[in-house]
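# Topology and contacts: notes
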Amino acid sequence: MGQCFFIAVLSGSLLLAGCGKPQTATVVDDPSTYAPEETLTLSSEYYYLEDLDTGSVLLDEGSIQRMFPASLTKMMTAIVALENIPDPENVTIEITRTTLAGLIEASANRAGYWYGDTPTALDLIYGVLLPSGADCCRALALY
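Just so it is clear, the model here is predicted, and its values are computed rather than measured. (Residues numbered from 1 in each chain as written. Predicted model: local features only at pLDDT ≥ 70, side-chain atom pairs only at ≥ 80, totals over all residues. Heavy atoms only, no water.)

### Section: the packing of helix H1 (residues 71–84) against helix H4 (residues 134–142)
Here H1 crosses H4 at 40°, and the two axes come no closer than 10 Å. In terms of orientation, H1 lies oblique with respect to H4. In the packing of H1 onto H4, the handedness of the crossing is left-handed. Contacts from Lys-74, Thr-77 and Ala-81 of H1 reach H4 at Ala-134, Cys-137 and Leu-140. Each residue belonging to the contact of H1 with H4 can be placed in one class, and the counts come to 4 nonpolar, 1 polar and 1 charged. (Axes fitted to C-alpha atoms, helices over the stretch in contact; angles between N-to-C directions. Helix = DSSP H or I, 4+ residues; strand = E, 2+ residues; numbered from the N terminus. Parallel < 35°, antiparallel > 145°, perpendicular 65-115°, else oblique. Left-handed = near helix turned anticlockwise from the far one by under 90°. Contact = heavy atoms within 4.5 Å. Nonpolar A, V, L, I, M, F, W, Y, C, P; charged D, E, K, R; others polar.)

See the structure below:
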C-alpha cells in the first residue's frame, strides 16, 4: 500500500478522538518499516481512508452524511487569524465576558483563559489548535 490520506471529521473533537461505535480495521503496510499486519481501532462515527497512489477507498464510514463542522471551524479560525494578524506574537487580545459568554454553560472545550487575561494572538492560535479551545477561537474572531 502506498501513501494514504486519513480524514476523521468528528463532532466537537479533533482527529481520532470522537464518540460512536468502535471500528476495527486491518491495515497492511510496507513490511520493511512496519509489522506486516497491524490492527487499528477507530472510535468515530465518521472517517475516510484513501490510498493516494491508487485512489482506492480503504475505509469509509459516514463520509457522505451531513454533520456539524466542529473542529474544522476552529481550524479555519486559526487560518484566518494567521492570515490577518501581521505579528501575532506581539498582539495581545483581552479575554472579556463577551469572549466567554455561553462557552462554560455549553461545556465547550476551552484552553482555560478567564476574564481579564491578555494572551498574545499567537498563544490564542496555539489554544485553538492544541486543546481545541473555543475561548481562543472566540477571542480571535472578536479581535
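### Concerning the side chain of Asp-135
Residue placement: Asp-135 occurs in helix H4. Nearest to the buried, unbridged Asp-135 among oppositely charged side chains is Arg-110, at 4.1 Å. At 2.9 Å, the side chain of Asp-135 and the backbone nitrogen of Ala-111 are in polar contact. Ignoring sequence-local partners within four residues, the contact set of Asp-135 consists of Thr-99, Leu-100, Leu-103, Asn-109, Arg-110, Ala-111, Gly-112 and Tyr-113. (Buried < 20%, exposed > 50% of the residue type's maximum accessible area, 1.4 Å probe, protein only. Lys, Arg positive; Asp, Glu negative; His and termini not counted. Salt bridge = Lys/Arg side-chain N within 4 Å of Asp/Glu carboxyl O. Polar contact = N/O pair within 3.5 Å; in protein donor to acceptor, adjacent residues only side chain to side chain.)

### Quick notes on the packing of H1 against helix H3 (residues 121–129)
Two measures define how a pair of helices packs: the angle their axes make with one another and the distance between the axes. Relative to each other, H1 and H3 sit at 160°, their axes nearing to 9 Å. Compared by their axis directions, H1 and H3 come out roughly antiparallel. As for how H1 packs across H3, the hand of that crossing is left-handed. Residues Lys-74, Met-75, Ala-78, Ala-81 and Leu-82 of H1 touch H3, and the partners they reach there are Ile-125, Val-128 and Leu-129. Looking at the contact of H1 with H3 residue by residue, the classes come out as 7 nonpolar, no polar and 1 charged.

### Describing unusual backbone geometry
The backbone of Ser-107 sits at a positive phi, close to 55°, despite the residue not being glycine. The residue Ser-132 is not glycine, and still its phi comes out positive at about 60°. Residue position: Ser-132 is located in the loop between H3 and H4.

### A word on the layout of surface pockets
Here the largest pocket defines a volume of roughly 240 Å³. Lining the largest pocket are 13 residues, and of these Lys-74, Leu-103, Ala-108, Ala-134 and Arg-138 lie nearest its centre. Among the elements of the structure, H1 and H4 are those that each provide at least two residues to the lining of the largest pocket. For the lining of the largest pocket, the element with the highest residue contribution is H4, accounting for 4 residues. Looking at side-chain class alone, the lining of the largest pocket contains 7 nonpolar, 4 polar and 2 charged residues. (1 Å grid on protein atoms, 1.4 Å probe; cavity = no way out; pocket = protein on both sides within 12 Å on 5 of 7 lines; lining within 4 Å. Points joined across faces, edges and corners; volume = space filled by probe spheres on them.)

### Quick word on the pairing of strand E5 (residues 57–61)
The pairing of strand E4 (residues 47–51) with E5 spans 4 bridges and is antiparallel. Across the sheet, residue Tyr-47 finds its bridge partner in E5, namely Glu-61. Between E4 and E5, which pair antiparallel in sequence order, lie 5 residues; one of them, Gly-55, sits at a positive phi of approximately 80°. (Pairing = 2+ DSSP bridges.)

### Considerations on the environment of Glu-89
Within the secondary structure, Glu-89 sits in the loop between H1 and helix H2 (97–100). According to the relative accessible area criterion, Glu-89 is exposed, its value standing at 53%. It is 5.1 Å that separates the C-alpha atoms of Glu-89 and Leu-122, two residues lying 33 residues apart in sequence. Apart from residues lying up to four places away in sequence, Glu-89 is in contact with Thr-120 and Leu-122.

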